[in-house]
Amino acid sequence: MTQEELNLLKRMVDATKRQAEATERMADYLSTIAHVLQDGKIIFGKNTEN
């Protein structure tokens, strides 16, 4: 492999790592949103029944 190919491979690995980190953050955000929506549904459900 040439140095240029090795540099490209390293950049691809770095980009994949950043993508994985971003995906993990997105999963955390979506999980938080899901919990908020679930809590809101319970709260609003109780409020509308009263």
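Residues numbered from 1 in each chain as written. Predicted model: local features only at pLDDT ≥ 70, side-chain atom pairs only at ≥ 80, totals over all residues. Heavy atoms only, no water.

## Observations regarding the overall build of the protein chain
Right, on to step 1. Each helix and strand in the protein chain was counted, giving one helix and zero strands.
Right, on to step 2. Buried residues in the protein chain amount to 2% of all 50 residues.
Right, on to step 3. For the protein chain, the computed accessible surface area is about 4,900 Å², with 61% contributed by carbon and sulfur atoms. (Helix = DSSP H or I, 4+ residues; strand = E, 2+ residues; numbered from the N terminus. Buried < 20%, exposed > 50% of the residue type's maximum accessible area, 1.4 Å probe, protein only. Areas by Shrake-Rupley, 256 points an atom, 1.4 Å probe, with all protein chains shown as cover.)

## Some remarks on the pattern of salt bridges
Right, on to step 1. Inspection of every chain in the model, using the stated rule, returns one salt bridge.
Right, on to step 2. The shortest N-O distance in the salt bridge between Asp14 and Lys10 comes to 3.0 Å. Of this pair, Asp14 and Lys10 both sit in helix H1 (residues 3–49), separated by four residues, roughly a single helical turn.
Right, on to step 3. Lys10 sits in the exposed class, given a relative accessible area of 53%. (Salt bridge = Lys/Arg side-chain N within 4 Å of Asp/Glu carboxyl O.)

## Focus: a nonpolar patch on the surface
Right, on to step 1. The grouping of Met1, Leu6, Leu8, Leu9, Met12 and Val13 at the surface amounts to a nonpolar patch, some 580 Å² of accessible area in total.
Right, on to step 2. With respect to the element layout, Leu8 can be found in helix H1.
Right, on to step 3. The partly exposed category is assigned to Leu8, whose relative accessible area is 43%. (Patch = residues over 30% accessible without salt bridge, like charges linked within 9 Å, V, L, I, M, F, W, Y side chains within 5 Å.)

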